[in-house]
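Residues per chain, in single letters:
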Amino acid sequence: MMKYDLKRIDPYWHTHPMIPTAVVGGAILVLMSWRTGHAALGVGGGLLAAIAVIWGVRPALSGLMMGLGLFAGILYLGVLPPASMAGYGLGARILAISFFALFYMVLMDALFLVVSVCYNFLAGVTDLGGLRFEFEPAGAVEEEASEPLS
């Protein structure tokens with residue numbers, strides 16, 4: 001049996017230092033728009049932060065989260081819509097599902113980045129230890145499965 005420790009999680013696609021700077025800058029713009037009441041400033045800040053988050057995470061993770069967001073959006077907004085969506089047409093529901101999936105993807109991508117940074121800090125810098133994986137050779141599993149039960 002082989003034992004391995006997971007020391008670092010690497011979900012990063014691009015690691016340029018401007019990516020977290022753009023996220024923080026976008027968040028500042030959103031807060032400024034909330035304080036001043038300029039909606040365009042908030043939309044621009046949100047788009048800046050969202051693009052930076054998507055640019056920072058590997059596309060496979062973003063695609064997976066988009067798929068889960070689409071599934072949840074179709075289930076929640078299409079199949080079992082809340083009473084507030086009773087008068088919405090098909091086009092409005094498709095638009096709502098699309099925005100739900102997009103926002104879900106961005107939020108989950110940001111969560112991946114934050115969890116990875118925290119895990120990498122705790123497992124590597126503080127040496128608290130990480131996840132431990134135990135692997136067996138592929139033949140051992142097949143041999144156990146082929147043995148007859150008595």
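Predicted model, so just to flag it, every value in this text is computed and none were measured. (Residues numbered from 1 in each chain as written. Predicted model: local features only at pLDDT ≥ 70, side-chain atom pairs only at ≥ 80, totals over all residues. Heavy atoms only, no water.)

(A) Seen up close, the pattern of salt bridges. Applying the stated criterion across every chain yields a total of one salt bridge. The shortest N-O distance in the salt bridge between D10 and R58 comes to 3.3 Å. Of this pair, D10 sits in the loop between β1 (2-6) and α1 (18-36) while R58 sits in the loop between α2 (39-56) and α3 (59-79), placing them 48 residues apart in sequence. By relative accessible area, which is 36% here, R58 ends up partly exposed. (Salt bridge = Lys/Arg side-chain N within 4 Å of Asp/Glu carboxyl O. Helix = DSSP H or I, 4+ residues; strand = E, 2+ residues; numbered from the N terminus. Buried < 20%, exposed > 50% of the residue type's maximum accessible area, 1.4 Å probe, protein only.)

(B) Structural detail: the nonpolar core. Ranked by size, the top nonpolar core spans eight residues in total: Y12, A50, V53, V57, M65, M105, V106 and L113. Among the elements of the structure, α2 and α4 (90-125) are those that each provide at least two residues to this core. Considering each element in turn, this core owes the most residues, three residues, to α4. Excluding anything up to four places from it in sequence, V57 contacts P11, W13, S62, D109 and L113. (Core = buried A, V, L, I, M, F, W, Y, C linked by side-chain atoms within 4.5 Å. Contact = heavy atoms within 4.5 Å.)

(C) Quick peek at the packing of α3 against α4. Direction vectors running N to C along α3 and α4 enclose 140 degrees, while the axes themselves pass 7 Å from each other. Taken together, the axis directions place α3 and α4 in an arrangement best described as oblique. The two elements α3 and α4 meet at a crossing, and its hand is right-handed. Judged by residue contacts, L61, S62, M65, M66, L68, G69, L70, A72, G73, I74, L77 and G78 of α3 engage R93, A96, I97, F100, A101, L102, Y104, M105, M108, D109 and F112 from α4. Residue classes in the contact of α3 with α4 are distributed as 17 nonpolar, four polar and two charged. (Axes fitted to C-alpha atoms, helices over the stretch in contact; angles between N-to-C directions. Parallel < 35°, antiparallel > 145°, perpendicular 65-115°, else oblique. Left-handed = near helix turned anticlockwise from the far one by under 90°. Nonpolar A, V, L, I, M, F, W, Y, C, P; charged D, E, K, R; others polar.)

(D) Broad picture of α1. In this model α1 runs 26 Å from its N-terminal to its C-terminal C-alpha over 19 residues, within 8% of the 27 Å that 1.5 Å per residue would give. Within the sequence span of α1, burial applies to I19, A22, G26 and S33. An end-on view of α1 places all buried positions within 55 degrees of arc, on one side of the element. Structural note: α1 exposes L31 and R35 on the side pointing more than 90 degrees away from its buried face. Those residues of α1 hidden inside the fold are in contact with α2. Positive backbone phi, approximately 90 degrees, marks G37, located one or two places after α1. (Expected span 1.5 Å × (residues − 1). Arc of directions from axis to C-beta.)

By themselves these figures say nothing about function.
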